[in-house]
Amino acid sequence: MDFKSTIRTVPDYPRTGIMFRDVSTLMADAKAFSAAVEKLSAPFEKFEISKVAGIDARGFILGGAIAVRLNAGFLPLRKPGKLPYRTFSESYELEYGSDALHMHVDGVKPGERVLLVDDLIATGGTAEAGVKLLRRGRADIVSAVFLVDLPDLGGARRVRNMGVEVKALVSFDGD
């Protein structure tokens, strides 16, 4: 399947010069979404994944589907103020601002095998915060998976340099 053709590109969003890769069009296409979940899940079927950690917010959609496919639990990594219990927090810089991710302090048990999931990796700040949160919970991070990689922005390399394998369904050069 040509996954790239199902992803809409929106120029100059959220600010001038950014080519926003809108994966909601892929997710709205039942065949493409199902095939994407299958392709991203398949390499991990034999890994006995305990939890899939999805990054707020599109990572919830993708991560939830992958968790069901892998018969794993789902762990939300959320923006500030969205989790009701005590949390770990990690701040990060985005390609167009800054933010933080939170995880319940009991979100993972030491040694649990976890797959980190988000829709897109650009500069890698969000994924790096996710890795740091999972490590604070002493999870065994099996891999980080994304629908889209923007390799020119270096995020996948940044996460690999943290010792975490990175897989992406498609990449868009020059962004």
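Under the annotation held in an unreviewed UniProt entry, the protein carries the name Adenine phosphoribosyltransferase and is attributed to Henriciella barbarensis. According to its UniProt record, the protein has this under Function (unreviewed entry): "Catalyzes a salvage reaction resulting in the formation of AMP, that is energically less costly than de novo synthesis." Comment text from UniProt for the protein, heading Subunit (unreviewed entry), reads "Homodimer."

Enquirer: Explain the sheet that holds strand 4 (residues 73-77) to me, please; I cannot follow it from the model alone.
Expert: Within a sheet, adjacent strands bond to each other through the backbone by hydrogen bonds, running parallel or antiparallel. Strand order in the open sheet formed by 5 strands is 4-3-7-8-9, with parallel pairing between adjacent strands. Each edge of the open sheet is held by one strand with a lone partner, namely strand 4 and strand 9 (166-171). Neighbour-to-neighbour, the strand axes of this sheet turn through a mean angle of 20 degrees, independent of strand direction. Packing of helix 3 (residues 58-70) onto the sheet brings it into contact with strand 3 (51-55), strand 4, strand 7 (113-121) and strand 8 (140-149), and relative to strand 7 it is tilted by some 140 degrees. Where helix 4 (residues 125-136) meets the sheet, it contacts strand 3, strand 4, strand 7 and strand 8, and its direction lies at approximately 165 degrees from that of strand 7.

Enquirer: So what exactly am I meant to see when it comes to the nonpolar core here?
Expert: Ranked by size, the top nonpolar core spans 30 residues in total, and within it L26, V52, L62, I66, L115, L147 and V148 carry the most contacts. Elements represented by at least two residues in this core include exactly helix 1 (24-28), helix 2 (30-41), helix 3, strand 7, strand 8 and strand 9. The dominant element in this core, judged by the number of residues it contributes, is helix 2, at 5 residues. With sequence-adjacent residues up to four places away left out, L115 is seen in contact with F44, I49, K51, V52, A53, I66, L70, S143 and V145. By size, the runner-up hydrophobic cluster in this structure holds 26 residues, among which are A53, L75, L101 and A144.

Enquirer: How should I be thinking about the pairing of strand 9 in this particular structure?
Expert: It is a general feature of regular strands that their side chains alternate between the two faces of the sheet. Judged from the 5 bridges that link them, strand 8 and strand 9 form a sheet pairing that is parallel. Paired with V145 across the bridge in strand 9 is K167.

Enquirer: Explanation requested: the environment of Y13 in the structure shown.
Expert: As for its position among the elements, Y13 is in the loop between strand 1 (8-11) and strand 2 (19-22). In this structure, Y13 is in contact with I18 and F20, ignoring residues within four places of it in sequence.

Enquirer: Explanation requested: helix 3 in the structure shown.
Expert: Since the α-helix turns once every 3.6 residues, residues separated by three or four places project in the same direction. With 13 residues, helix 3 should cover 18 Å at 1.5 Å per step; its first-to-last C-alpha distance of 18 Å lies within 8% of that length. Among the residues of helix 3, those classed as buried are G59, L62, G63, I66, A67 and L70. What you see down the axis of helix 3 is that its buried residues fit within an arc of 135 degrees, all on one side. Buried residues in helix 3 make contact with helix 1, helix 2, strand 3, strand 4, strand 7 and strand 8. Of the residues one or two after helix 3, N71 is the one with positive phi, at around 55 degrees.

Enquirer: Help me understand unusual backbone geometry, please; the structure alone is not making it clear to me.
Expert: Residues apart from glycine generally show negative phi values, whereas peptide bonds are mostly found in trans. Following Y13, the chain continues to P14 via a peptide bond in cis, the omega torsion being 5 degrees. Along the chain, D56 connects to A57 via a cis peptide bond; the corresponding omega equals 5 degrees. Position of A57 among the secondary structure elements: in the loop between strand 3 and helix 3. With a phi close to 55 degrees, N71 is a non-glycine residue in the positive phi region. With respect to the secondary-structure elements, N71 resides in the loop between helix 3 and strand 4. A relative accessible area of 71% means that N71 is categorised as exposed.

Enquirer: Honestly, the side chain of D149 in this entry has me stumped. Any pointers?
Expert: Among the structural elements, D149 can be located in strand 8. We note that D149 is buried and unpaired, the nearest opposite charge coming from R160 at a distance of 5.4 Å. Those residues within four positions of D149 in sequence are excluded, and the remaining contacts are I121, A156, A168, V170, S171 and F172.

Calculation notes
Residues numbered from 1 in each chain as written. Predicted model: local features only at pLDDT ≥ 70, side-chain atom pairs only at ≥ 80, totals over all residues. Heavy atoms only, no water. UniProt positions renumbered as here; feature names shortened; annotations may be inferred. Pairing = 2+ DSSP bridges. Helix = DSSP H or I, 4+ residues; strand = E, 2+ residues; numbered from the N terminus. Axes fitted to C-alpha atoms, helices over the stretch in contact; angles between N-to-C directions. Contact = heavy atoms within 4.5 Å. Core = buried A, V, L, I, M, F, W, Y, C linked by side-chain atoms within 4.5 Å. Buried < 20%, exposed > 50% of the residue type's maximum accessible area, 1.4 Å probe, protein only. Expected span 1.5 Å × (residues − 1). Arc of directions from axis to C-beta. Lys, Arg positive; Asp, Glu negative; His and termini not counted. Salt bridge = Lys/Arg side-chain N within 4 Å of Asp/Glu carboxyl O.

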